[in-house]
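Structural description and commentary
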Amino acid sequence: MEIGTGLFTCQRRPDDDRPMTELYDEMLTLGRAIDDAGLASAWVSEHHFMEDGYLSGTMPSLGALAAVTENVEIGTCIALAPLYDPIRLAEDTATVDLISGGRTTLGLAIGSNPREFDAFDVPRDERVERLDDTVGLLRDAWSDGPVTHESPFHGGATGVDITPKPSRDVPIMLGGAAKPAVRRAARTADAWCAPSSLSVGGLKKRVDDIRNVREKEGLDGDFTIYVLQHGFVGDSKEEAWDAMKDGYLYIQRRYAEIFSGEEVTELSDERREELKEQAIFGTPEDVVDELETYRDALGDDIHFIFRTYHPGIGTERMVECIERLGTDVVPHFS
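The paragraphs below set out a description of the structure included in this document. Within every chain, residues take consecutive numbers counted from 1 along the sequence as written. In view of the model being predicted, local features appear only for residues whose pLDDT reaches at least 70, and side-chain atom pairs are presented and counted only at 80 or more, with totals across whole chains, interfaces and linings using the full set of residues. The side-chain values count all of the structure's non-hydrogen atoms but skip hydrogen atoms and water molecules.

Quick word on the environment of glutamine 278
The line we're drawing: The way it works is that DSSP assigns letters per residue, a run of H or I at least four long becomes a helix, a run of E at least two long becomes a strand, and they are numbered from the N terminus. Three exposure classes are used, based on accessible area relative to the maximum for each residue type with a 1.4 Å probe and protein chains only: buried under 20%, partly exposed in between, and exposed over 50%. By the convention used here, residues are in contact when the closest approach between their heavy atoms is within 4.5 Å.
Inspection of the secondary structure assignment puts glutamine 278 in helix 9 (residues 269-278). Residue classification places glutamine 278 among the partly exposed positions, given a relative accessible area of 22%. Remark: the alpha-carbon pair of glutamine 278 and serine 196, spanning 82 residues in sequence, is separated by 8.2 Å. Residue contacts for glutamine 278: discarding those within four places in its chain leaves Ser196, Ser197, Gln229 and Tyr248.

Brief notes about the packing of aromatic side chains
Pairs of aromatic rings are described using the distance from one ring centre to the other and the angle between the two planes. For clarity, the threshold we go by: Each Phe, Tyr or Trp ring (for Trp, its six-membered ring) is paired with any other whose centre lies within 6.5 Å, and the angle between the two planes then decides the class: stacked below 30 degrees, edge-to-face above 60, tilted in between.
With the rule as written, the count across this model stands at nine aromatic pairs. Between the aromatic rings of tryptophan 43 and tyrosine 226, the centroid separation amounts to 5.3 Å while the plane-to-plane angle is 80 degrees, which identifies the pairing as edge-to-face. Within this pair, whereas tryptophan 43 is found in strand 2 (residues 41-44), its partner tyrosine 226 is found in strand 8 (residues 224-233), the two being separated by 183 residues in sequence. Residues tryptophan 43 and tyrosine 226 agree in their burial class; the two are buried.

As for the environment of asparagine 71
Structurally, asparagine 71 can be placed in the loop between helix 2 (58-68) and strand 3 (73-76). Given the relative accessible area of 62%, asparagine 71 is considered exposed. For asparagine 71, the contacting residues outside a window of four places in its chain are Asp35 and Arg103.

Describing a negative patch on the surface
The cut-off we apply is this: Residues enter patches when their relative accessible area tops 30% and they take part in no salt bridge; the joining distance is 9 Å for like charges and 5 Å for the nonpolar side chains Val, Leu, Ile, Met, Phe, Trp and Tyr. Surface accessibility in these figures is a Shrake-Rupley result with a 1.4 Å probe; residues are shielded only by whichever protein chains are displayed. Whenever a carboxyl oxygen of Asp or Glu lies within 4 Å of a side-chain nitrogen of Lys or Arg, that contact is scored as a salt bridge. None of His or the chain ends enter the tally, which takes Lys and Arg as positive and Asp and Glu as negative. Note that the charge is assigned to NZ on lysines, CZ on arginines, CG on aspartates and CD on glutamates.
A contiguous patch of negative charge on the surface is contributed by Asp36, Glu70, Glu239, Glu316, Glu320 and Glu323. Of the residues forming the negative patch, the biggest block, three residues, is contributed by helix 11 (residues 315-333). Its place among the elements puts glutamate 70 in the loop between helix 2 and strand 3. Judged by relative accessible area, which is 64%, glutamate 70 ranks as exposed.

A closer look at helix 1 (residues 20-37)
What counts is decided by this rule: Residue count minus one, scaled by 1.5 Å, sets the expected span of a helix.
Under the 1.5 Å per step criterion, the end-to-end length of helix 1 is 26 Å for 18 residues, consistent within 8% with the ideal 26 Å. Within helix 1, burial applies to Leu23, Glu26, Met27, Leu28, Leu30, Gly31, Ala33, Ile34, Asp35 and Ala37. The inward-facing, buried residues of helix 1 contact strand 1 (2-8), strand 2, helix 2 and helix 11. Glycine 38 occupies a position one or two residues after helix 1 and carries a positive phi of about 80 degrees.

Examining the pairing of strand 3
Applicable threshold: For two strands to be treated as a pair, DSSP must find no fewer than two bridges joining them. A crossover counts as right-handed when, viewed with the strands pointing away from the observer, the path leading from the first strand over the helix to the second turns clockwise.
Residues Glu73 and Gly75 of strand 3 are buried on one face, and the alternating residues Ile74 and Thr76, pointing to the opposite face, are buried as well. Across four bridges, strand 2 lies against strand 3 in parallel orientation. Among the inter-strand pairings, tryptophan 43 is bridged to a residue of strand 3, identified as glycine 75. Where the polypeptide runs from strand 2 across helix 2 and back to strand 3, its parallel neighbour, the crossover connection is right-handed. Across two bridges, the pairing between strand 3 and strand 5 (residues 104-109) is parallel. Looking across to strand 5, one finds that glycine 75 is bridged to threonine 105.

Thoughts on the pairing of strand 2
The alternating pattern of strand 2 places Ser41 and Trp43 and Ala42 and Val44 on opposite faces, both of which are buried. Summarising the sheet, strand 1 and strand 2 pair through two bridges and their orientation is parallel. The residue bridging threonine 5 from the neighbouring strand is alanine 42, located in strand 2. The handedness of the strand 1 to strand 2 crossover, carried by helix 1, is right-handed.

Details of the side chain of glutamine 229
With respect to the helices and strands, glutamine 229 occurs in strand 8. Look at glutamine 229 and you get buried, because its relative accessible area is 2%. If we skip the residues at most four places from it in the chain, glutamine 229 touches Ser196, Gln278, Ala279, Ile280, Tyr294, Phe304, Ile305, Phe306 and Arg307.

Overview of the state of the cysteines
Basically, it comes down to this: When two cysteine sulfur atoms lie within 2.5 Å, the pair is treated as a disulfide.
Tallying each qualifying case throughout the model produces zero disulfides. Note on cysteine 77: no disulfide assigned, nearest cysteine sulfur contributed by cysteine 193 at a separation of 3.7 Å. The buried category is assigned to cysteine 77, whose relative accessible area is 4%.

Observations regarding the pattern of salt bridges
Close approach of charged atoms allows side chains with opposite charge to pair. The tally for this structure, following the rule as stated, stands at 23 salt bridges. Notably, a salt bridge pairs arginine 18 with glutamate 26, separated by 3.0 Å at the nearest N-O pair. By the burial criterion, arginine 18 is buried, and glutamate 26 matches it. One salt bridge in this structure joins arginine 139 and aspartate 190, with 3.2 Å as the shortest N-O distance. With arginine 139 in helix 5 (residues 127-142) and aspartate 190 in the loop between helix 6 (179-188) and strand 7 (191-194), the pair connects residues that are 51 residues apart, well separated along the chain. The class for arginine 139 is partly exposed, based on a relative accessible area of 32%. Judged by its relative accessible area of 23%, aspartate 190 falls in the partly exposed class. The network of salt bridges with shared partners includes Asp52, Arg253, Arg254 and Glu257.

Shown next, in the form of structure tokens:
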């Protein structure tokens, strides 16, 4: 089982007075720490028009991470596919892949926030079709020769030869928990990313479905299961929770706003307790025990994205957590 981390959002909490440049410097510092610690991957996330500056430029951020790392896989978890011009996305992803020496994974999903779709002038009811179209166009654009894919949304792409090509076929990961999204990933992508809201039982059900679909349809190429969960490594469960909670609960409140489209001023006590129960935190031994539960249910061939980036909790704290993941947790699963 591989273990990576992220997701870099570069949000500035109201109680954080650092300039945005320092938040992006922090991301690069943590990227170097992830690479040095021997973790498998580092990820950025995407949203738009957030007052806290939530990261919107996925490709520039991945390019910067590629330049300061040597071995770690870098990727988007998740890029909002319907909001992109897929030809430009094909070009930018190929560029990042070349800078990184073939270490890029492109994670995509349909998105949900009405404000984002309105601002990009993209109808929300076209989300699924635009995602499918983007995947098909990307694969065609990265292959030899001009694009032959006939897009209903980007008709001018046909006949264009995207250059330069990436160093290899960039893996495409799709997100989503609903059955159609899971099966779409099984059929059209190279990987699926499970959202952090799923229980281990819910994960197993979906992973079994993916494996059954691929077996029935004769899809025998490599396929990666990415599992996403928030957490932290510390000296004790209490210390680890104390370190992560302010950033973790802050970002969960902002996600509630993003997904609902409405302002959320406070999480209920019940919701806060649910989120605490859902997260994985504590000593290295505590974390190993929790991750073993996932491995027992899903098997060895999963990639766990242990989400240790929590806005505003301090760069040093997060570096220490990453280092402990590398020295005290990763070796157990190697």
